[in-house]
Amino acid sequence: MHPRSPDENPAQQPADSHRAVDPRKLRADDLRYLLAVSRTGRLVTAADALGVDHTTVSRRIAALEKSLGVRLIERGTEGWTLTDIGRAVSESARAIEEAIDSVADTVAGQDSPSLHGTVRVSAPDGFGTAFATPALVRVRRRHPRLQVELITATRQLALRPSGFDLALVIGVPASIRLVTEHLTDYTLGLYACDDYLTKYGRPETVAELREHPLIFYIESMLQVSDLDIERHLPGMTPAFSSTNVFAQLEATQRGAGIGVLPAFLAQRTQLRRLLPDEIDIRLPITLAVRREAVTHPAVRALWTALRHEVAERADELMPNGPMS
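Report on the accompanying structure. (Residues numbered from 1 in each chain as written. Predicted model: local features only at pLDDT ≥ 70, side-chain atom pairs only at ≥ 80, totals over all residues. Heavy atoms only, no water.)

## Comments concerning the packing of helix α5 (residues 125–142) against helix α11 (residues 297–312)
Working step 1: It is the contact of α5 with α11, at a shortest axis distance of 9 Å, that shows an interaxial angle of 125°. The angle between α5 and α11 falls in the class oblique. In this structure, α5 crosses over α11, and the sense of that crossing is right-handed. Side by side, α5 and α11 meet where Phe127, Phe131, Ala132, Pro134, Ala135, Leu136, Arg138 and Val139 of the first sit next to Ala301, Leu302, Ala305, Leu306, His308, Glu309 and Val310 of the second. (Axes fitted to C-alpha atoms, helices over the stretch in contact; angles between N-to-C directions. Helix = DSSP H or I, 4+ residues; strand = E, 2+ residues; numbered from the N terminus. Parallel < 35°, antiparallel > 145°, perpendicular 65-115°, else oblique. Left-handed = near helix turned anticlockwise from the far one by under 90°. Contact = heavy atoms within 4.5 Å.)

## As for α11
Working step 1: When the terminal C-alpha atoms of α11 are compared, their 23 Å separation across 16 residues agrees well with the 22 Å that a helix rising 1.5 Å per residue should span.
Working step 2: Of the residues making up α11, those classed as buried are Ala298, Val299, Ala301, Leu302, Trp303, Ala305, Leu306, Glu309 and Val310.
Working step 3: As for α11, its buried residues are in contact with β3 (118–123), α5, β5 (166–170), β6 (178–192), β11 (281–290) and α12 (314–317). (Expected span 1.5 Å × (residues − 1). Buried < 20%, exposed > 50% of the residue type's maximum accessible area, 1.4 Å probe, protein only.)

## So, empty space enclosed by the protein
Working step 1: Overall, the coordinates contain four cavities of 30 Å³ or more when judged by the stated rule.
Working step 2: Its boundaries defined by the atoms lining it, the largest cavity holds a volume of some 90 Å³.
Working step 3: Contributing elements (two or more residues each) for the lining of the largest cavity: α5 and β6.
Working step 4: Examining the composition of the lining of the largest cavity, we find that three residues originate from one element, α5, more than from any other.
Working step 5: Of the pockets and cavities examined, the second largest cavity occupies roughly 50 Å³.
Working step 6: Considering the residues around the second largest cavity, the lining is formed by ten residues, among which Pro124, Ala153, Arg155, Leu168 and Val169 are closest to the centre.
Working step 7: Take the lining of the second largest cavity: its biggest share by element is three residues, from β5. (1 Å grid on protein atoms, 1.4 Å probe; cavity = no way out; pocket = protein on both sides within 12 Å on 5 of 7 lines; lining within 4 Å. Points joined across faces, edges and corners; volume = space filled by probe spheres on them.)

## Side note on α5
Residues spaced three or four apart along an α-helix face the same direction, because each turn holds 3.6 residues.
Working step 1: In this model α5 runs 25 Å from its N-terminal to its C-terminal C-alpha over 18 residues, within 8% of the 26 Å that 1.5 Å per residue would give.
Working step 2: Every buried residue of α5 is listed here: Asp125, Gly126, Phe127, Gly128, Ala130, Phe131, Ala132, Ala135, Leu136 and Val139.

## Section: the nonpolar core
Working step 1: Core analysis: the biggest nonpolar cluster contains 62 residues, and Leu168 and Leu190 have the highest contact counts within it.
Working step 2: The greatest single-element share of this core, amounting to eight residues, is contributed by α11.
Working step 3: If we skip the residues at most four places from it in the chain, Leu190 touches Leu209, Leu214, Leu233, Ile258, Gly259, Val260, Arg272, Arg273, Leu274, Leu275 and Ile279.
Working step 4: In this structure, Val57, Val70, Val89 and Ala93 belong to the second largest nonpolar core, which totals 20 residues. (Core = buried A, V, L, I, M, F, W, Y, C linked by side-chain atoms within 4.5 Å.)

Encoded structure:
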């Protein structure tokens, strides 16, 4: 007989009803399974983090739901998400997990607590590579028992976020399930390589720019409204498009056209900045944390590291002067 998955175990009582629960019938270890799913949004990934198979995770959460008489998780478009009561239970359960980690540190004779578990971070490909990666690596060096996963994608966050603990997004996400903080601003400009400018000339006005092929995101697949080219260069359509900013950068370096690129990436190359006074696009990067993950020590450590990284390298994000 196959174990029943959580979506096949309906809650016995509505989430907002009052129901007496006998603490003696609760298995504290089941709460660790709920925490793992809350962080990853995937049964298989949670199982890997716990060293079990996904059917065990499903079975243990179903048992916890039965003991509590409420639905704790539900399937969403991007994986499993916690219900409102599930988030409240998960937050309370963190104290148990932290106590277990503290016991492990005590037995190991560590002078200061080390960070454990898995933390998943989502970020745009360019910012995630150039800024998030160094910050995450620095934390990992101090806490070798911590597992850090970085997902890079330039997209908006779902209204019912799952599959990450901490996310870096372009713009400002709108979700009551997130705790957000403006992390930094960054600038995009027009860039071209010397070979392209020698062959096709350098546009001196925005009107002349229309005679050149543009390199940017694929409009029909763009999920971030702040990057809508129509908002910044009305009436212009990219001639070479990609969902990946590094492909855009490579195409610009190979002379495919004029790229609309983040300054922090373009300044690492020999590309030339064009029309800096006319085209200077400034966008915000927001740091967002799922409410149930805010108090997790590892998430807090990564949050602090990201703040430090952008503060130390602010001149790359918002350069004082354009490349000539």
